[in-house]
Amino acid sequence: MFYMLLRHRDIENLNQIDTFLKEDGFEGFKKALKMDTTDVTNEVKEAGLRGRGGAGFPAGVKWSFMDNNNWPHYVVANADESEPGTFKDREIMESNPFQFLEGLAIASYAVGANAAYIYLRGEFWEVAHFLDEKIEEMEKAGFLGDNIQGTDYSLNIYTHLGAGAYICGEETALLESMEGKRGQPRVRPPFPPSQGLYDKPTVVNNVETLTSVPYIINKGADGYRKFGTEKSPGTKIFSLSGNVNKPGNYELPLGSTFRELIFEHGGGIPDGKSIKAIMPAGASSSMVVANDEALDTQLTYEDVPNVGGDLGSASVIVVDDSISLDWLINKTMDFFHHESCGKCTPCREGSYWMKKLTERIHSGEGTEEDVALLKDVATQVRGKTLCALGEFSTMAVVTSIERFPEDFAK
Amino acid sequence: MTKEVTLTIDGKEVSVPAGSLVVDAAKKAGIDIPVFCYHPKMEPVGMCRQCLVEIGRPAFDRATGEAVLEEDGSPKINWGWKLETSCTNPVSDGMVVKTQSEKAVKGQNDMLEFQLTSHPLDCPVCDKGGECLLQDLTLAHGSAESRFSFDEKRHAEKKVALSDDIWLDRERCIQCGRCVRFQSEVVGEAVLGFEERGSHTQIMTTSDPGFDSNFSGNTTDICPVGALTTAQFRFGARPWEMEATASICGECPVGCNTVLNTRRDVKSGGKIVVKRVMPRQNEAVNETWLCDKGRFANHNTDNRLLAPSTEWTDAIASAAQKLSAADEPVFVVDGSLSNEDLYNIKSLADEVGAKALCYSEAGGGALTTKSASYGKSGAGDAILVIGGNLYAEAPIFWLRAKQAVERGAKLIVATEAETRLDAFATTVVRDLKKGLEVAEEIFAKAENTVVLYSGDDALAQFCAALNPTSLIGVWEDANTQGAWEMGYEAVSDLSALKGKTVYVAGKSSLVAAALESAEFTVIQASEEANLVVGQTVSIMETSESVCVMLPSRTIAESDGTFTSAERRVQRFFSAVLPMGDSLPGYVITAQIAEKMGVTLDIDAEDIFSAFSDLSYADLANISVEESLLIGGTCYENEQGLGVMLPAKA
């Protein structure tokens, strides 16, 4: 298996700077420092690297949106990893931190930022302390601070801990939280590349996205495009969980199939049960019917929608046939109600209403009308919320009722 | 000149300045898009999602930049799959907006249904009932039946005292954040906030004492539901039972435009009383705001002088006789009187060759007759606030100084003590002299310059020496400026009244001072002097030998005008019936004058026309001021914006 991101699985002690340096560490950054900043951005653009946080927006394009008439610029690494079923960024930060920091440094150089921040969810405080050490080591090695590698480029990286709110993974809520305000999404536009942190142009990229960057600069867009498909190049870490024999992170080229991931790598379904449904993007997913067509679908941004889902952050949750989906959506609704920030009406009130309905339905007290009402309320929330979280809360609800009506016919 | 943008809303073409929001453009076209969180005085936040509409934008060919046309030659419009909030989207050329399409109406109704799921619907006992946005929208568009299970409604605290003045009902709150944003954005005192999140989100106060702001009452106006109510009005009346009369606030010299809401009240023995004071929009004076001092002023005091010491005719005769007999009678007033009262007293004094004095601790009245409005001050301008405590003395002036800074004006605060204006000042000086020096420097480079001073004549002289565009005295009374305009002499020391026969008209504190020194006092007062003076009823028993007391009327009972410190002449109307046997002050004076062989007018409008180049009709003018009133409770100004006096040479 080829590792571009989880290289520590091949190389022992990669989270030690000496080892990292021996393994071509910071070569990408050094190369970038000799390049024109727009060339760095263009390389990433040509590589077709898409945001790994879930939205899949092309990273290079995002960088090129930075408003060059407004300074300073900032880069923020989104390490708020809190989608249920997602645990890839943590592994990167703990075991391959320098490659992530290198990617963050390259991104900062590309957009002319002299300060970069890593926003970590509050529960990651140990990771934050660990990263602080790594940042210091990087500084000592001459890859951070003033006049890096003899150039006139200077960069400092800071970690920032959130207070444990799912919504702060949404980039504008994250920025609000960093500014010391309530973690609630902003109205967009303006988007962060025109007005982000402290109203200054800001790139917010996911940890995994940034960790992919050094490889792109080292091997060029062409080298990166050797993996994955035309529209979804590169490799991706799949966080596999749920009813599967070997849950964990699997780095595979995009374009691998669900079947390969779940059965080849994940060891299939335990206890002789059979697969029923897949949530390809954590709790925010639609409930994909796990038929042969779905299992043979390629894991790419363009193919997963064909079977009624989204690749998202690729946190694949496997659901076997012993699970009744009325129970499962009660779980997701409990989560989304708990995490709704309360800023906009449809999410605040809708998540509460849906939670109450799923509770009632799951407890067996629900009626056919309640199921219809639940679907109606979920549909009513859709397309009207301030941010994507509200939207996400309805995905599993609507698709479960639509695609697995038997689970709600009790 | 701002560029105009033309768009189509519900088939109507409308042109608005570039940068306008869709919701405001629609308002201009006569289309009300329902809102809760949006307020035209604050930044849009798009939280409540009530104003969802369909927005289409013309399609452009990426390569050529040309507009894409339909087969019939009309521009091709791109419609997103989502509804958009009209409060956060700026207009653009060729935009097409549908506020009444099936999809848009469904979206708006969906939001309304969500708002109502856990709303208590206690409208019958809610102060806001009758002027509530949520109630209005529900009646207009809401479903008669709820799909939400009654048992699952969330409950929250219904009686939270945010301060002595403001109550919060957390169950009625729809988390629109208007109050929070008003305090942080408009006032700059972020004493309200949200706590908890999701469906547990609630409003809290972050200050100690709670809701520590002189502008707190405004949040009860802009609250789109009955979540915030004033302690004063709570359970006091239903909005539709009350009459609305235009008035001018008498608590300070800013001259805020108000409405007095009145109703016949059982608790007041069936009398018509003022139930609450509400702001009336005047963008040049108070916009849509009122300070708490003005809002919560007591208009229904029981401490009233109800009848003269003897029969009216005897009292008038006695006053006239004493004044005629006196060698050198003195006429002394304060700024609580209307221009009409002041004019008649001044006329009488002039006729008998007596001095007409206006009591004021602040000096410099003769210097402030070229003051001009500073409501629009901004970039390039400079403001000096010197002496006193503007936040307490004239809160809306304070607010406007803060806003001027936000628009780019320079602000110098020169006061001996720390003030709440310091936080917004460009320069803070704790020494008045130093402040004048700093101001001189900054004024030299400024376009329009304004001085707001609070102090004696000497300070006024120093301020005038700066030669500002506008010199504004922060007087203690609402109409002190009116007295200066009329030529009253300033007096701050009343020892000159010693042994004289004095005609005193004004507040009880002034009356008390006159009673202490004068030989005989003709008192024209609305308050019961003896109670306030702290003397016993004995003064009433012996009053005939030392004084004659003549009950006059309060602002709420009178017609008249005030001249604000900025020299805006504004009209107020009588809102309640007079108490007891009281008469308008100008009538009392005219009656005494008649006995003394001097004829004065007894009609407020005639008096006004006699001393002013203006007429009441001029004061009633309403310039083309765009109505900004979307939601919230504030009165549109239908009675006139008043007139700024031209600067005197």
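Caption draft 1: Looking closely at helix H3 (residues 37-47) of chain A. Residues and elements named next belong to chain A. Within the span of H3, buried status applies to Val40, Thr41, Val44 and Ala47. All buried residues of H3 lie within an arc of 125 degrees about the axis, which places them on one face of the element. Positive phi appears at Gly48, one or two residues downstream of H3, with a value of about 75 degrees.

Caption draft 2: Summary view of the domain arrangement of chain B. Residues and elements named next belong to chain B. On domain assignment, one finds that chain B holds domain 1 (4-112), domain 2 (118-230) and domain 3 (365-474). For domain 1 versus domain 2, the distance between C-alpha centres works out to 29 Å. At the junction of the two partners, domain 1 supplies 14 residues and domain 2 supplies 17 residues. The junction of domain 1 with domain 2 conceals about 1300 Å² of combined surface from both sides, 68% of it contributed by carbon and sulfur atoms. Counting the surface domain 1 buries against domain 2, the share from its top three residues, Phe36, Met42 and Leu112, is 48%.

Caption draft 3: Spotlight on the packing of helix H14 (residues 368-381) of chain A against helix H2 (residues 102-117) of chain B. Look at H14(A) against H2(B): their axes get within 10 Å of each other, and the N-to-C directions meet at 115 degrees. For H14(A) against H2(B), the interelement crossing comes out left-handed. Contacts between H14(A) and H2(B) involve A:Val377, A:Gln380 and A:Val381 from the former and B:Lys106, B:Asp110, B:Met111, B:Glu113 and B:Phe114 from the latter. When the residues that make up the contact of H14(A) with H2(B) are grouped by side-chain class, the tally is four nonpolar, one polar and three charged.

Caption draft 4: Up close: the sheet that holds strand S1 (residues 73-79) of chain A. Residues and elements named next belong to chain A. Taking strand neighbours across the sheet as the criterion, the four strands line up as S3-S2-S1-S4 in an open arrangement whose pairing is parallel. At either margin of the open sheet sits one strand with a lone partner, and together these are strand S3 (156-161) and strand S4 (202-206). Averaged over all pairs of adjacent strands, the angle between strand axes in this sheet comes to 20 degrees, irrespective of strand direction. Of the pairings in the sheet, the one linking S1 to S4 comprises five bridges and is parallel in character. Along S4, the bridge assignment pairs Ala77 with Asn205. Contacting S1 and S4, helix H9 (residues 207-224) crosses the sheet at an angle of about 90 degrees to S4.

Caption draft 5: A negative patch on the surface, seen in detail. Residues and elements named next belong to chain B. On the surface, Glu416, Asp431, Glu437, Glu440 and Glu441 cluster together into a negatively charged patch. Within the secondary structure, Glu440 sits in helix H11 (residues 432-444). Owing to a relative accessible area of 53%, Glu440 belongs among the exposed residues under this scheme.

Caption draft 6: Summary view of the packing of aromatic side chains. Throughout the structure, instances matching the rule amount to 31 aromatic pairs over all chains. Look at A:Phe26 and A:Phe98: their rings are 6.1 Å apart centre to centre, the planes differ by 80 degrees, and that puts the pair in the edge-to-face class. On the criterion of sequence distance, the pair formed by A:Phe26 in the loop between helix H1 (17-22) and helix H2 (27-33) and A:Phe98 in helix H6 (residues 97-111) is long-range, its members being 72 residues apart. You'll find A:Phe26 and A:Phe98 in the same group, each marked buried. Aromatic pair A:Tyr166 and A:Phe335: ring centres 4.9 Å apart, planes at 75 degrees, arrangement edge-to-face. In this pair, A:Tyr166 sits in the loop between S3 and helix H8 (171-178) while A:Phe335 sits in helix H12 (residues 325-339), placing the two residues 169 residues apart along the sequence. Given the relative accessible area of 9%, A:Tyr166 is considered buried. What links up through ring pairs into an aromatic cluster is the set A:Phe20, A:Phe26, A:Phe98 and A:Phe143. The ring of A:Phe124 has A:Arg121 lying over it, and the distance from NZ or CZ to the ring centre is 5.7 Å. In this structure, B:Arg234 is placed above the aromatic ring of B:Trp167, and the distance from its NZ or CZ to the ring centre is 4.7 Å.

Caption draft 7: A look at the environment of A:Asn42. As for its position among the elements, A:Asn42 is in helix H3. Through-space distance from the C-alpha of A:Asn42 to that of A:Gly342 is 39 Å; in sequence the pair is 300 residues apart.

Reading the values: the criteria
- Residues numbered from 1 in each chain as written.
- Chains lettered and ligands numbered in written order.
- Predicted model: local features only at pLDDT ≥ 70, side-chain atom pairs only at ≥ 80, totals over all residues.
- Heavy atoms only, no water.
- Buried < 20%, exposed > 50% of the residue type's maximum accessible area, 1.4 Å probe, protein only.
- Helix = DSSP H or I, 4+ residues; strand = E, 2+ residues; numbered from the N terminus.
- Arc of directions from axis to C-beta.
- Domains from an automatic or database assignment.
- Contact = heavy atoms within 4.5 Å.
- Buried area = accessible area lost by both parts, 1.4 Å probe.
- Axes fitted to C-alpha atoms, helices over the stretch in contact; angles between N-to-C directions.
- Left-handed = near helix turned anticlockwise from the far one by under 90°.
- Nonpolar A, V, L, I, M, F, W, Y, C, P; charged D, E, K, R; others polar.
- Pairing = 2+ DSSP bridges.
- Patch = residues over 30% accessible without salt bridge, like charges linked within 9 Å, V, L, I, M, F, W, Y side chains within 5 Å.
- Areas by Shrake-Rupley, 256 points an atom, 1.4 Å probe, with all protein chains shown as cover.
- Salt bridge = Lys/Arg side-chain N within 4 Å of Asp/Glu carboxyl O.
- Lys, Arg positive; Asp, Glu negative; His and termini not counted.
- Charge placed at Lys NZ, Arg CZ, Asp CG, Glu CD.
- Phe/Tyr/Trp six-rings, centres within 6.5 Å; stacked < 30°, edge-to-face > 60°.
- Lys NZ or Arg CZ within 6 Å of the ring centre and 35° of its normal.

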